[in-house]
Amino acid sequence: MPRHVLGKGFIAPSDKLTIASIGAGGKGGDDIGHFYRSGKANIAFLCDVDDRQAVGSRKLLPNAKYYKDFREMLDKEGKSIDAVSVSTPDHTHAVAAMTAMRMGKHVYVQKPMTHDIYEARKLTEAARQYKVVTQMGNQGASGDGVRQLLDWYRAGIIGDVTEVYCYTDRPIWPQGIMRPTTAGTIPPELDFDLWLGTAPQKSYFDGLLPFNWRGWWDYGTGALGDMGCHIIAPPFQVLELGYPVSAECSVATPYFENWHRTIAPDSGPIASHTTLVFKGANGKPDLKLHWMDGGIQPTRPDELGANEQMGDGGNGVIFIGTKGKMMCGTYGINPQLLPTSKTKDTKVPQTIDRVPGGEDGHYKAWVEASIAGYGSKEANNLSSRFDIAGPLTETVLMGNLAIRSYNIEKKNAKGQSTYPGRYVKLLWDGPNMKITNFDDANQYVKRTYRDGWSLGV
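Residues numbered from 1 in each chain as written. Predicted model: local features only at pLDDT ≥ 70, side-chain atom pairs only at ≥ 80, totals over all residues. Heavy atoms only, no water.

### Overview of the side chain of Thr393
Rule in force here: In DSSP terms, a helix is any run of H or I states spanning at least four residues, a strand is any run of E spanning at least two, and both are numbered starting from the N terminus. Relative accessibility under 20% of the residue-type maximum defines a buried residue, over 50% an exposed one, and the middle range a partly exposed one, all with a 1.4 Å probe and only protein chains included. We call two residues in contact when some of their heavy atoms are within 4.5 Å.
You can see Thr393 is positioned in helix 14 (residues 386–405). For Thr393, a relative accessible area of 0% translates into the label buried. Discounting residues that sit within four places of it in the chain, Thr393 has contacts with Pro112, Met113, Thr114, Ala120, Met136 and Cys229.

If you want it as structure tokens, here you go:
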């Protein structure tokens, strides 16, 4: 029915985007709310493997049809779906998104876009192949803060950036621990086999859901995967970074008694410091990007007052340039030149359009771009479409590859444990997705899926 028949202020059903949401609780429920408030989305289908998580969304959208298996939903309802939102644990992002894209559906995928580097590369390629509109859920990419930082950088205020520090107080869930050996009782509302999806067949244990899966490598991507797409995104956009050429890290290790440390290869570390190097382009110097988590922070810049807050307190980014410095918090919020007194006094041209609604507009922008279609101005202007989000996700996961390589164990001739992935710089061939100087690290480029699951490429 056309808009004029309905009257002023009404949106015709044909002008709305029909969305199926895979993941209806937690962050999925939050995403659904943003799409709903855009006024241009018809969320007609909901899917969640855990009925407990879906209660709120089903109450908000009583007419939406509900499924537990996204494959069944897409198979049965595909003709009625325009777009799919994926808000599941990290290990299911790629298979759900790829299934939808191969059907020609536009996709919105929560951060990190994928669980491993290979998946990110393939989803980026698939977005172009299937000509679908894409967006990753790092909403700060659409915020005004990142654009202000970009305006300052383009104006040459801080010169060429040679070093960036990104830091977070995450993890705020248990990490650096051994996986429980006692199986828990699977809640009756949860289809745990479906929840496992691509992950190895292992027992359910108490406390895994709904939040702490983030700390287990089988399902999550640790502090770096959780916050990296929010905190590394500003320098990635401002400095137009590509693939890193090397990665090295140090990892905090807990000791359970003198000289005896806990090696927990199934879980992310309690804290880490990773350094990624990017080759300078067009005569610019190489860039070192530092990632620090677990509450580790860089030294305060001399230009920052003794009582001034660095970043947003627990998280932030510091850009160190040849002429000056600037900083911001998570999502690029509260951008500041250093010393901060320069912020109000510095006026530069606006070089990039702001997204209406800023961070909240990140969702509506994708809805409108999906309605406009692949290749439209709206689609090309999205802040985190997969040709942007894919390389960013690969960079984040490159850090995790270094962190996981730290605990690769080998036995020497005397039967003693050695860890050859420690205290080395891993050299990365980005175009070919390969570590060239420590082959054992390449096992983390691409996961082996559980039987019955495939990326379809």
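### Observations concerning the side chain of His91
Our working definition: Definition of a polar contact: a pair of N or O atoms within 3.5 Å, with one able to donate and the other able to accept a hydrogen when the atoms are protein atoms, and with sequence-neighbouring residues admitted only if both atoms are side-chain atoms.
With respect to the helices and strands, the residue His91 is situated in helix 5 (residues 90–102). Within the structure, His91 has its side chain in polar contact with the backbone oxygen of Leu196 (distance 3.1 Å). Residues in contact with His91, not counting those within four places in the same chain, are His115, Trp195, Leu196, Thr198, Ala199, Asp218, Tyr219 and Arg447.

### So, the environment of Ser272
Positionally, Ser272 belongs in strand 11 (residues 272–278). Counting along the chain gives 96 residues from Ser272 to Glu368, while the straight-line C-alpha distance between them is 39 Å.

### Some words on unusual backbone geometry
Cis geometry marks the peptide bond from Leu209 to Pro210, where omega comes out at 5°. Inspection of the secondary structure puts Pro210 in the loop between helix 8 (192–196) and helix 9 (222–231).

### Here we look at the sheet that holds strand 15 (residues 336–338)
Inclusion rule: Paired strands are those between which DSSP finds at least two bridges. Here an axis means a line fitted to C-alpha atoms, over the contact stretch when the element is a helix, while the angle between two N-to-C directions is reported on a 0 to 180 degree scale.
Taken together, nine strands build an open sheet; the order of strands is 15-14-13-7-12-11-8-18-19 and the sheet is mixed. Across the chains shown, the open sheet's two edge strands, defined by having one partner strand only, are strand 15 and strand 19 (434–435). In the sheet, strand 8 (residues 246–251) pairs with strand 18 (residues 426–429) via two bridges, with the strands oriented antiparallel. Counted as the bridge partner of Ala247 is Leu426 from strand 18. Each of strand 7 (161–167), strand 12 (287–293) and strand 13 (316–321) is contacted by helix 9, which is oriented at about 130° to strand 12, the strand it contacts most.

### Re the packing of aromatic side chains
Spelled out, the test is: Centres within 6.5 Å make a pair out of two Phe, Tyr or Trp rings, where for Trp the six-membered ring is used; the pair is then stacked when the planes are under 30 degrees apart, edge-to-face when over 60, and tilted otherwise. A ring is considered to have a charge above it if a Lys NZ or an Arg CZ atom is located within 6 Å of its centre and within 35 degrees of its normal.
Using the criterion set out here, one finds 12 aromatic pairs in the structure. Judged by centre distance (5.3 Å) and plane angle (80°), the ring pair of Phe192 and Tyr204 falls under edge-to-face. Of the two residues, Phe192 sits in helix 8 while Tyr204 sits in the loop between helix 8 and helix 9, which places them 12 residues apart along the sequence. Tyr204 carries the same exposure label as Phe192, and that label is buried. Taken together through their ring pairs, the aromatic side chains of Phe35, Tyr108, Tyr363 and Trp366 make up a single cluster. Cation over ring: Arg58 sits above Tyr66, and NZ or CZ is 3.9 Å from the ring centre. Positioned above the aromatic ring of Tyr419, the side-chain terminus of Arg422 is 4.0 Å from the ring centre.

### Some words on the environment of Gly316
You can see Gly316 is positioned in strand 13. Setting aside its immediate chain neighbours within four residues, Gly316 contacts Tyr165, Cys166, Tyr167, Ile231, Gly311, Cys328 and Gly329.

### Considerations on helix 5
By the criterion of burial, helix 5 is predominantly enclosed, with 11 of the 13 residues buried. Within helix 5, burial applies to Asp90, His91, Thr92, His93, Ala94, Val95, Ala96, Ala97, Met98, Ala100 and Met101. The positive-phi residue at the C-terminal boundary of helix 5 is Gly104, with phi of around 85°.

### Let's talk about the sheet that holds strand 2 (residues 41–47)
Reading across the sheet, the six strands line up as 3-2-1-4-5-6 and stay open at both edges, with parallel pairing between neighbours. Looking at which strands have only one partner, the edges of the open sheet turn out to be strand 3 (65–67) and strand 6 (134–136). With direction set aside, neighbouring strand axes in the sheet form an average angle of 20°. Here strand 2 pairs with strand 3 via three bridges, running parallel. Residue pairing across strands places Cys47 opposite Tyr67, the latter belonging to strand 3. Sheet contacts for helix 5: strand 1 (17–22), strand 4 (83–86), strand 5 (106–109) and strand 6; angle to strand 5, the most-contacted strand, approximately 165°. Those strands touched by helix 14 are strand 5 and strand 6, and its axis lies near 35° from that of strand 6.

### Remarks on the pattern of salt bridges
Pairing is possible between side chains that carry opposite charge, provided their charged atoms lie close to one another. Put simply, the test is: Salt bridges, as used here, are contacts in which a Lys or Arg side-chain nitrogen is within 4 Å of a carboxyl oxygen on Asp or Glu.
By the definition in use, this model includes 24 salt bridges. In this structure, Glu77 engages Lys65 in a salt bridge whose closest nitrogen and oxygen atoms are separated by 3.0 Å. On the criterion of sequence distance, the pair formed by Glu77 in helix 4 (residues 70–77) and Lys65 in strand 3 is long-range, its members being 12 residues apart. Taking relative accessible area as the criterion, Glu77 reaches 11% and is therefore assigned buried. Residue classification places Lys65 among the partly exposed residues on the basis of a relative accessible area of 44%. The closest approach of N and O atoms between Asp218 and Lys202, which form a salt bridge, is 2.7 Å. Taken together, the positions of Asp218 in the loop between helix 8 and helix 9 and Lys202 in the loop between helix 8 and helix 9 put the pair 16 residues apart, joining distant regions of the chain. Judged by its relative accessible area of 16%, Asp218 is buried. Here the salt bridges share partners, and the residues they tie into one network are Lys111, Arg214 and Asp226.

### Notes on the pairing of strand 18
Side chains Leu426 and Trp428 of strand 18 all project onto a buried face; the interleaved residues Leu427 and Asp429 project onto a face where none is buried. Where strand 18 lies against strand 19, two bridges are found, and the strand directions are antiparallel. From the neighbouring strand, Asp429 faces strand 19, where its bridge partner is Lys434. Here strand 18 hands over to strand 19 after four residues, with Met433 in that stretch at a positive phi of 50°.

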